[in-house]
Amino acid sequence: MKKSMFSIQQWEEIVNQYQYFNGTINQFCQTKGITKAQLYYYRKKFNNQNQDSTEFCQVTLESTKVTKFYPDTNVTFEIGENTITVPSIEKDLIIEIIKELAALC
């Protein structure tokens with residue numbers, strides 16, 4: 001297999017430059033001295049790497065039996081070393097807390 005004339009960092013820069021290029025892909029590749037196949041390959045490679053590095057917040061749901069006789073059941077959120085406990089009847093507050101937590105992630 002032929003060794004690439006550019007390093008990975010250089011390919012990242014080329015792919016980034018292409019995003020802001022106002023001409024055609026053929027024009028861009030010609031100015032850089034690369035083929036369309038090379039550009040497609042590295043663009044896909046870097047997109048896949050970015051997708052793999054997605055971070056998620058862990059949400060653990062524990063089943064709790066809630067009936068009309070026991071409306072005082074709580075929902076507990078653990079964030080790091082902090083804990084937030086909300087009465088389960090506070091549906092709107094729980095939704096807002098989840099939205100805020102999602103925005104922090």
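The structure under discussion appears in the preceding block.
Residues numbered from 1 in each chain as written. Predicted model: local features only at pLDDT ≥ 70, side-chain atom pairs only at ≥ 80, totals over all residues. Heavy atoms only, no water.

How should I be thinking about the overall build of the chain in this particular structure?
Secondary structure summary: the chain contains four helices and two strands in total. N-terminal to C-terminal, the α/β element order of the chain is α-α-α-β-β-α. Here the chain holds 105 residues, and the buried ones make up 15% of them. In the chain, once contacts between residues fewer than 6 apart in sequence are set aside, the share between residues at least 24 apart is 28%. Of the roughly 9200 Å² of accessible surface on the chain, a fraction of 51% belongs to carbon and sulfur atoms. (Helix = DSSP H or I, 4+ residues; strand = E, 2+ residues; numbered from the N terminus. Buried < 20%, exposed > 50% of the residue type's maximum accessible area, 1.4 Å probe, protein only. Contact = heavy atoms within 4.5 Å. Areas by Shrake-Rupley, 256 points an atom, 1.4 Å probe, with all protein chains shown as cover.)

I tried to follow the packing of aromatic side chains on my own but got confused; where do I start?
For any pair of aromatic rings, geometry is given as the distance between the ring centres together with the angle between the planes. One pass over the structure, following the stated rule, counts six aromatic pairs. Ring centres of Trp-11 and Tyr-42 lie 4.2 Å apart, and the angle between their planes is 10 degrees; this geometry places the pair in the stacked category. Remark: Tyr-42 occurs in helix H3 (residues 36–52) and Trp-11 occurs in helix H1 (residues 8–19); sequence separation between them is 31 residues. Judged by relative accessible area, which is 11%, Tyr-42 ranks as buried. (Phe/Tyr/Trp six-rings, centres within 6.5 Å; stacked < 30°, edge-to-face > 60°.)

How do you make sense of the nonpolar core when you look at a structure like this?
Of all hydrophobic cores here, the largest spans eleven residues; its members are Trp-11, Ile-14, Val-15, Tyr-18, Ile-25, Phe-28, Cys-29, Ile-34, Leu-39, Tyr-42 and Phe-46. Broken down by element, this core gets its largest block of residues, four residues, from H1. Apart from residues no more than four positions distant in its own chain, Leu-39 is found in contact with Ile-14, Val-15, Tyr-18, Ile-25, Phe-28, Cys-29 and Ile-34. (Core = buried A, V, L, I, M, F, W, Y, C linked by side-chain atoms within 4.5 Å.)

Honestly, helix H2 (residues 25–32) in this entry has me stumped. Any pointers?
Quick reminder: α-helices carry 3.6 residues per turn. Residues three or four places apart thus point the same way. Ile-25, Phe-28 and Cys-29 are the residues of H2 that are buried. For H2, the angular spread of buried residues about the axis comes to 95 degrees, placing them on one side. Exposed residues on H2 whose side chains face more than 90 degrees from its buried face are Gln-30 and Thr-31. (Arc of directions from axis to C-beta.)

Sorry if this is basic, but what is going on with the packing of H1 against H2 here?
Geometrically, a packed helix pair is captured by the angle between its two axes and the distance between the axes. Remark: H1 packs on H2, axes separated minimally by 11 Å, with the N-to-C direction vectors making an angle of 145 degrees. When you trace H1 past H2, the crossing you get is right-handed. Note on element contacts: H2 touches H1 through Ile-25, Phe-28 and Lys-32, opposite Ile-14, Gln-17 and Tyr-18. Along the lines of polarity and charge, the residues of the contact of H1 with H2 split into four nonpolar, one polar and one charged. (Axes fitted to C-alpha atoms, helices over the stretch in contact; angles between N-to-C directions. Left-handed = near helix turned anticlockwise from the far one by under 90°. Nonpolar A, V, L, I, M, F, W, Y, C, P; charged D, E, K, R; others polar.)

That is the geometry; function is a separate question.
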